[in-house]
Amino acid sequence: MLEGKAVIGETDMLEVMQQHALRLAGEALDAYDVTESTDIAHFIKKEFDSSYGPGWQCIVGTDFGSFVTHRCGCFIYFCIGSLAIVLFRGSAATETKAGRLVTMETVKA
């Protein structure tokens, strides 16, 4: 597993969720080649949807930028080697009024 080599850049997730994300990334990298970023993203997203409910988004690659709105406590950006992974749970516009959003995380991989 490669999760021990992960470097977390930004997160507001609980530690247990962070470790889950790192573990899933390691499992995905065991199952897929590092060049299969769409398959890796799909694997991580599907598992987080199953564990924590729908609405998770995952971006995987070596050179990308992002600017996202996410639920509070539902964002992590980390790297394993040269591969960057952004995992977050999006939110419907109605939740903005409830004050449960952290807006505009900017990440440059």
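Up top you'll find the structure we're talking about.
All of these numbers come straight from a predicted model, not from anything done at the bench. (Residues numbered from 1 in each chain as written. Predicted model: local features only at pLDDT ≥ 70, side-chain atom pairs only at ≥ 80, totals over all residues. Heavy atoms only, no water.)

Summing up its helical and strand segments, the chain has two helices and six strands in all. Of the regular secondary structure in the chain, the N- to C-terminal order runs β-α-α-β-β-β-β-β. If you take every contact in the chain between residues at least 6 apart in sequence, the share linking residues at least 24 apart comes to 64%. About 5800 Å² of surface is accessible on the chain, with carbon and sulfur atoms providing 53% of the total. (Helix = DSSP H or I, 4+ residues; strand = E, 2+ residues; numbered from the N terminus. Contact = heavy atoms within 4.5 Å. Areas by Shrake-Rupley, 256 points an atom, 1.4 Å probe, with all protein chains shown as cover.)

The element strand E4 (residues 75-80) is largely enclosed, with a buried count of five among its six residues. The pairing of strand E1 (residues 6-11) with E4 spans five bridges and is antiparallel. What sits directly across from Ala6, in E4, is Ile80. Here E4 runs beside strand E5 (residues 83-89); their pairing, made up of six bridges, is antiparallel. From the neighbouring strand, Phe78 faces E5, where its bridge partner is Ile85. The hairpin formed by E4 and E5 contains two residues between the paired strands, and Gly81 there has a positive phi angle of roughly 65°. (Buried < 20%, exposed > 50% of the residue type's maximum accessible area, 1.4 Å probe, protein only. Pairing = 2+ DSSP bridges.)

To continue, consider the pattern of salt bridges. When the charged atoms of two side chains with opposite charge come close together, those side chains can pair. Tallying each qualifying case throughout the model produces two salt bridges. One salt bridge in this structure joins Asp49 and Lys45, with 2.5 Å as the shortest N-O distance. A residue pair is termed a helical-turn pair when its members lie 3 or 4 positions apart in one helix, as Asp49 and Lys45 do in helix H2 (residues 37-52) at four residues. A relative accessible area of 25% places Lys45 in the partly exposed class. The closest approach of N and O atoms between Lys46 and Glu47, which form a salt bridge, is 3.8 Å. For Lys46, a relative accessible area of 41% translates into the label partly exposed. What makes Glu47 partly exposed here is its relative accessible area of 26%. (Salt bridge = Lys/Arg side-chain N within 4 Å of Asp/Glu carboxyl O.)

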